[in-house]
Amino acid sequence: MKTLFKSLTILACLGVVALLSWAGLHNPFLWFDESGQFWISLGLNHYSDTYATPGGIAEVIEGNRHYNLDPGGFSLLLYLWLKICNDNIVFLRLLPFLFFAALAVFTFWYTYHSRKNIVEACLYTTLLFVWEVTANEMTEVRAYSMEMCGVVSTMCFLPALHMGKNIRSRLFLLSVWLSFFCLSRYDFFIFAFSTALWVLSIVWQQRKSWGDFFAGSALFAIPLLLTVGAVLLGMTSHQEPAGAAVTYQYIGTNPKVIFSPLVLFALANVLLIVRDIIRRERTPDTHILFLIVFSVYFVLSALSLYPLDSRGSIGLTILLTITLLERLIGGIKIPSLIKFLIILALCRLSQHMPISDYGSLSLDSDVLREYVRAKENHKSDKVFIDYWMAPTIRHLYEYGDWKELAEQDGYPSRFCIQQDSDTAHVVMPDEVECDYYIITRHTKMTKQYDMSPFRPVDDESQYIYVKTKP
């Protein structure tokens, strides 16, 4: 009976993973950040001219400097990826999905070796595909899945540092590994810095002499320092973070963040470490690492230097999730399925529901569906596309699912596409005469849309407008 239950559970997990993976890979809509990442990796940007000629690596780096707030490693990887194929949505989403699939493999490996329970390992790995925080990054064309893969794979690497053999080669390989994932998002810099503190403490404990300590430390530090230095000089110094990520949460500006689910769950993990100290039990390496990482995030957020929320700090989120699964849930002596239901309840408690729709984050899918309905029901001469939807619409008509409909829909001649790259000369909706207007963002950093001359195109419309007749 137990064997049958185990087999059915594993098959069910594989079925859920396969179904959601297929749905995510076939999501045809790229939202603003995704489509922007696509254009950057073509050597262009969000607001390039229609049918502009793609650029080379130099243009990719330059575009990432000015239109993306990350180190640019994913942009370069995607640039090479698009050299193989750039007009197939499944292939495009396959790159971030490969990192997510590797994340799932490392999660399964880590949880199985931690609990020695294949059913629990399968259930916990499946959680990545149904929990909104992680699943929304499954096929999103951004660097989030790359970062999460780097965090969990590093967790799997840590136990090897306690082995006396080949310690220096292990240190060098770990440094190179961390260096690669430092190219994903700046968020990973915090994780890499925290990991470095933990690794240096291990090197100190295992030192045979001062010379041995400095040699091991240098071997570990050099690749990381070179990578971080190159990113700071080549990318960060050219980027302007002011005004970016205004929706992210900082303890310094919003003390209520302390009571967010992420921080409360983090405190639960800290209490487990305190319990270990009181009982004089050994704390797992990953929990010590978590404590260091969380402390760094907490200080930076208190100083309003880096956000502390589930997506902005996704490196911390995935580390917290794995460590809680390992101790808080894994240590409870109840059936595995009940444990999984408890985890889903915690997901609900943290206000993150299982994914729906296409199985992948698509903030603008409703807008695009409304546009499809409008262009079928209204024979219009001209369409206004606001700056937020501009990169998405351009991708659909030039490389995506609507490529064959471009001539039929009169793209680009019948379209007035708003630019955002030169805020002094932005064309506002009321400055042009169009048959209908796609307006998804009523406010901008420099101007505010005056919506008084506009009304929804019909009773069902939320994003498509027409000018009010005098």
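Residues numbered from 1 in each chain as written. Predicted model: local features only at pLDDT ≥ 70, side-chain atom pairs only at ≥ 80, totals over all residues. Heavy atoms only, no water.

**Points about the sheet that holds strand 4 (residues 454–456)**
This is how it is decided: Two strands form a pair only when DSSP identifies at least two bridges running between them. Runs of E in the DSSP output that reach at least two residues are strands. Runs of H or I that reach at least four are helices, and both are numbered from the N terminus. Comment: axis = line fitted to C-alpha atoms, over the contacting stretch for helices; angle = value between 0 and 180 degrees taken between N-to-C directions. Contacts between residues were defined by any pair of non-hydrogen atoms, one from each residue, lying within 4.5 Å.
Taken in spatial order, the five strands line up as 2-1-3-5-4 in an open sheet, and their pairing is mixed. One side of each edge strand has no neighbouring strand; the edge strands of this open sheet are strand 2 (415–417) and strand 4. Direction aside, neighbouring strands of the sheet carry axes that sit 30° apart on average. By the bridge criterion, three bridges tie strand 1 (residues 383–385) to strand 2 in an arrangement that is parallel. In the strand pairing of strand 2, V383 is matched with F415. Packed on one face of the sheet, helix 16 (residues 365–377) meets strand 1, strand 2, strand 3 (436–438) and strand 5 (464–467) and runs near 165° to strand 3. Of the strands in this sheet, strand 1 and strand 2 are in contact with helix 17 (residues 390–398), which crosses strand 2 at around 135°.

**Details of the packing of helix 16 against helix 17**
As a reminder of what qualifies: These descriptions rest on fixed angle ranges, namely under 35 degrees for roughly parallel, over 145 for roughly antiparallel, 65 to 115 for roughly perpendicular, and the rest for oblique. The handedness criterion is simple: a crossing whose near helix is rotated anticlockwise from the far helix by less than a right angle is left-handed, and one whose near helix is rotated clockwise is right-handed. Residues were grouped as follows: Ala, Val, Leu, Ile, Met, Phe, Trp, Tyr, Cys and Pro as nonpolar; Asp, Glu, Lys and Arg as charged; and all remaining residues, including Gly, as polar.
In contact at an axis separation of 12 Å, helix 16 and helix 17 are set at 60° when each is read in the N-to-C sense. As summarised for this structure, helix 16 and helix 17 are arranged oblique, according to the angle between their axes. In the crossing of helix 16 with helix 17, the sense of the turn from one axis to the other is right-handed. Contact residues: L368, Y371 and K375 in helix 16; T392, I393, L396 and Y397 in helix 17. Tallied by class, residues from the contact of helix 16 with helix 17 come to five nonpolar, one polar and one charged.

**Some thoughts on the confidence of the model for the protein chain**
What counts, and what does not: Known as pLDDT, the predictor's per-residue confidence is scaled from 0 to 100.
Considering every residue of the protein chain, the mean pLDDT works out to 84; 89% of them sit at 70 or more. Per-element mean pLDDT across the protein chain ranges from 70 in helix 15 (residues 336–349) up to 96 in helix 4 (residues 73–84).

**Some words on the pairing of strand 5**
In this sheet, strand 5 lies alongside strand 3 in antiparallel orientation, the contact comprising two bridges. Following the sheet pairing, Y437 is matched in strand 5 by Y465. The pairing of strand 4 with strand 5 spans three bridges and is classified as antiparallel. Following the sheet pairing, R455 is matched in strand 5 by V466.

**Structural notes on the packing of helix 3 (residues 57–67) against helix 4**
Where helix 3 meets helix 4, the axes come as close as 10 Å, and the angle between the chain directions of the two elements is 145°. The way helix 3 lies across helix 4 gives a crossing that is right-handed. For the pair formed by helix 3 and helix 4, the contact residues are I57, V60, I61 and N64 on the first element and S75, L76 and Y79 on the second. Its residues assigned to classes, the contact of helix 3 with helix 4 shows five nonpolar, two polar and no charged.

**Things to note about the side chain of S175**
The condition that has to hold: Exposed residues in this analysis have more than 50% of their type's maximum accessible area, buried residues have under 20%, and partly exposed residues fall in between, with area computed by a 1.4 Å probe over protein chains only.
Residue position: S175 is located in helix 9 (residues 167–181). You can call S175 buried: its relative accessible area is 0%.

**A closer look at unusual backbone geometry**
Look at the link from Y411 to P412: it is a cis peptide, with omega at 5°. Within the secondary structure layout, P412 lies in the loop between helix 17 and strand 2. A positive phi angle is found at S304, which is not glycine, with a value near 60°. Residue position: S304 is located in the loop between helix 13 (285–302) and helix 14 (314–329).

**So, the side chain of S301**
For clarity, the threshold we go by: Any pair of nitrogen or oxygen atoms within 3.5 Å is treated as a polar contact; in protein, a donor-acceptor pairing is required on top of that, and neighbouring residues in sequence qualify only through side-chain atoms on both sides.
Structurally, S301 is set in helix 13. Residue S301 is classed as buried on the basis of its relative accessible area, which comes to 0%. Within the structure, S301 has its side chain in polar contact with the backbone nitrogen of I251 (distance 2.8 Å). Leaving out residues up to four positions away in the same chain, S301 has contacts with Q249, Y250, I251, G252, Y306, P307 and L308.

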